[in-house]
Amino acid sequence: MDKIIVQGGHQLKGIIPISGAKNSALKLICASLLTSGSVTLENVPQLADITTLSTLLAELGTQINLDGDASAKRKVGRVISYTTSDVDTPKAPYELVRKLRASIGVLGPLLARFHKAEVSLPGGCAIGARPVDLHIMAMQQLGAKIEIQNGYIIAEAPGGLVGNSIVFPKVTVMGTENALMAATLAKGETIISNAAREPEVKDLGNMLIKMGAKIEGLGTDTIRVQGVEALSGCTHTVLPDRIEMGTYAVATAITNGSVFLEGARRDLFNAALTKMELAGITVEEKDDGLQITGTDNLQPIDVMTEPFPGFATDLQAQMMVLMTQANGASMVTETIFENRFMHVPELNRMDADIVVHGRSAMVRGSNTKKLRGAEVMATDLRASVSLVLAGLVAEGETVINRIYHLDRGYEHLEAKLSNVGAKIERVSDHEAKY
């Protein structure tokens, strides 16, 4: 199994291009099931999760065409086309769905277009309970009959879905996206209340509108959808990844570096940038990205994760690492997932001083005491990258095990960091230097 080895103490300087957003691309791929036409996605990140979901769609009968780097064609980044005209088996099997929680996103499109779906209960990162009950509730509100049998969601709507009022008891990003996709082909109007406002939801809605959907209220907590009889294909560019932006902003700050994040947009992760500015980091907006500049006098801050436009839970672990280098105590509170502090014991192995109290973690930082390199183990995607960030500032060598999580969410991580001055490499077991 591969490992990542980081030699700490190197300041980052240069340019890091931001990839397409994984959490957007996955739902856009699912949305291709809503039409028999061809959906072409530009700026698709090269990630294990994209491969897993594409494999699932191929299993359903989708024709997939990879154009590779299409810059010569004046398109953006990696281009993949999905044509679902030959899909005839609306069943998502366990052996594929178990690898990726986002696979639940095929439920709404399959049910809307084929009036039936059989989708395995999903897997994914072990960061807490993420039940599918809100997805099921939304489909039932649209008239579907649903049963759980042998680990599968069996859904039927013989006469097609019917528009209705869907009120989510709590904000759910994937639940909102599933409801939104299903409602586009439902008869009549659907009103989704307490809808997620995340940029990825808006990106999905914008592509659905290109396909012929009638949607109002994207970016607000109330979305209205007027169902149509059919959707057509389209070409759509995946928005840039706000979590990657935040991760590399922290990487720059933690090394007191200066890096231009090419393609980054402040509006996509403003809450995180505001917190970083309060800590003393300089953020300069430019036409085609953001310039991040660190400080040698990092100040402690308190952070609480919230649904967008609040501070993203997917940046919590990264911010916690940054606060280990602040001059004082910071409080990090996690309100989204109940089991998202699994990186704390590993950071403490590197001489961090972090104490967890329920859903909050007290980080006692120091701008004079550095972390120390150690052998650590990744537990989930964002925890994995937080250990890489810790390695960038730690004294000596840090070895990160179980890095397959990273390949699910970060495109060319080692190359991007190496290009701005980090000493980082991926090695197999027999190549490890310890």
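(A) Expanded view of the pairing of strand 15 (residues 258-262). Examined bridge by bridge, strand 2 (residues 13-17) and strand 15 share five bridges and lie parallel to one another. What sits directly across from Gly14, in strand 15, is Val259. For strand 15 and strand 17 (residues 289-293), the ladder comprises five bridges, and the chain directions are antiparallel. When the sheet's bridge partners are listed, Phe260 is paired in strand 17 with Gln291.

(B) Structural context of the pattern of salt bridges. Inspection of every chain in the model, using the stated rule, returns 15 salt bridges. Arg408 serves as the salt-bridge partner of Asp49, at 2.8 Å between the closest nitrogen and oxygen. Note that Asp49 is positioned in helix 2 (residues 48-60) and Arg408 in helix 13 (residues 406-409), a separation of 359 residues in sequence. Since its relative accessible area comes to 2%, Asp49 is described here as buried. When its relative accessible area of 14% is taken as the criterion, Arg408 is described as buried. The closest approach of N and O atoms between Arg265 and Asp267, which form a salt bridge, is 2.9 Å. The partly exposed category is assigned to Asp267, whose relative accessible area is 46%.

(C) Summary view of the nonpolar core. Grouped together as the largest cluster of nonpolar side chains are 144 residues, with contacts concentrated most on Val106, Leu208, Leu322 and Leu417. Those residues in contact with Leu208, other than ones at most four positions away along the chain, are Ala31, Leu34, Leu180, Met181, Thr184, Ala213, Ile215 and Leu231.

(D) View of the packing of helix 8 (residues 242-254) against helix 10 (residues 316-323). One can describe the packing of helix 8 onto helix 10 by two numbers: an axis separation of 10 Å at closest approach and a directional angle of 10 degrees. As summarised for this structure, helix 8 and helix 10 are arranged roughly parallel, according to the angle between their axes. Here Ile243, Thr247, Val250, Ala253 and Ile254 of helix 8 come into contact with helix 10, specifically with Gln318, Val321 and Leu322. Classifying every residue of the contact of helix 8 with helix 10 by side-chain character gives six nonpolar, two polar and no charged.

(E) Expanded view of the side chain of Ser386. Assignment of secondary structure puts Ser386 in helix 12 (residues 381-393). On the accessibility criterion, Ser386 (0% relative accessible area) is buried. If we ignore the near neighbours within four places in the chain, the residues touching Ser386 are Ala317, Gln318, Val321, His343 and Leu347.

(F) Representation of the sheet that holds strand 1 (residues 3-7) in the model. With mixed pairing, the four strands of this open sheet are ordered in space as 22-23-1-24. Only two strands of the sheet have a single neighbouring strand rather than two, namely strand 22 (375-377) and strand 24 (423-427). Shown here is a sheet whose adjacent strand axes are inclined to one another by a mean of 20 degrees, direction ignored. Examined bridge by bridge, strand 22 and strand 23 (residues 397-401) share three bridges and lie parallel to one another. For Glu375, the partnering residue across the bridge sits in strand 23 and is Val399.

(G) Region of interest: the packing of aromatic side chains. Scanning all chains against the criterion turns up zero aromatic pairs. Positioned over the ring face of Tyr152 is Lys91, at 5.2 Å from the centre of the ring.

(H) Region of the structure containing helix 2. Look at helix 2: 19 Å from first C-alpha to last across 13 residues, which is about the 18 Å you get at 1.5 Å a residue. Listed as buried for helix 2 are Asp49, Ile50, Thr52, Leu53, Ser54, Leu56, Leu57 and Leu60. Downstream of helix 2 by a residue or two, Gly61 has a phi angle that is positive, lying close to 115 degrees.

(I) Looking closely at the sheet that holds strand 15. Taken in spatial order, the four strands line up as 2-15-17-16 in an open sheet, and their pairing is mixed. Each end of this open sheet is capped by a strand with a single partner; those strands are strand 2 and strand 16 (282-286). Across the sheet, the mean angle separating the axes of adjacent strands is 20 degrees when strand polarity is ignored.

(J) Structural context of the pairing of strand 20 (residues 354-357). Looking at chain direction, strand 20 and strand 21 (residues 360-364) are connected through four bridges and run antiparallel. Along strand 21, the bridge assignment pairs Val356 with Ala361. Connecting strand 20 to the next strand, strand 21, in antiparallel fashion are two residues, including Gly358 with a positive phi near 65 degrees.

(K) Spatial organisation of the environment of Thr379. Tracing the backbone shows Thr379 in the loop between strand 22 and helix 12. Overall, Thr379 belongs to the partly exposed group, its relative accessible area being 23%. Along the primary structure Thr379 and Glu346 are separated by 33 residues, whereas in three dimensions their C-alpha atoms are 9.5 Å apart. Thr379 has contacts with Met342, His343 and His405, leaving out every residue within four places of it along the chain.

(L) Quick peek at the confidence of the model for the chain. In the predicted model, the chain carries a mean pLDDT of 92, and 94% of its residues have values of at least 70. Scored below 50 in pLDDT, residues 124-130 shows 20 contacts in the model against residues more than four places distant or in partner chains.

(M) Looking closely at the state of the cysteines. Applying the stated criterion to the full structure yields zero disulfides. Summary of cysteine pairing: Cys30 is not part of a disulfide, and the nearest cysteine sulfur, belonging to Cys234, is at 14 Å. For Cys30, a relative accessible area of 0% translates into the label buried. For Cys234, a relative accessible area of 11% gives the class buried.

Parameters at a glance
Residues numbered from 1 in each chain as written. Predicted model: local features only at pLDDT ≥ 70, side-chain atom pairs only at ≥ 80, totals over all residues. Heavy atoms only, no water. Pairing = 2+ DSSP bridges. Helix = DSSP H or I, 4+ residues; strand = E, 2+ residues; numbered from the N terminus. Salt bridge = Lys/Arg side-chain N within 4 Å of Asp/Glu carboxyl O. Buried < 20%, exposed > 50% of the residue type's maximum accessible area, 1.4 Å probe, protein only. Core = buried A, V, L, I, M, F, W, Y, C linked by side-chain atoms within 4.5 Å. Contact = heavy atoms within 4.5 Å. Axes fitted to C-alpha atoms, helices over the stretch in contact; angles between N-to-C directions. Parallel < 35°, antiparallel > 145°, perpendicular 65-115°, else oblique. Nonpolar A, V, L, I, M, F, W, Y, C, P; charged D, E, K, R; others polar. Phe/Tyr/Trp six-rings, centres within 6.5 Å; stacked < 30°, edge-to-face > 60°. Lys NZ or Arg CZ within 6 Å of the ring centre and 35° of its normal. Expected span 1.5 Å × (residues − 1). pLDDT = per-residue confidence, 0-100. Disulfide = S-S within 2.5 Å.

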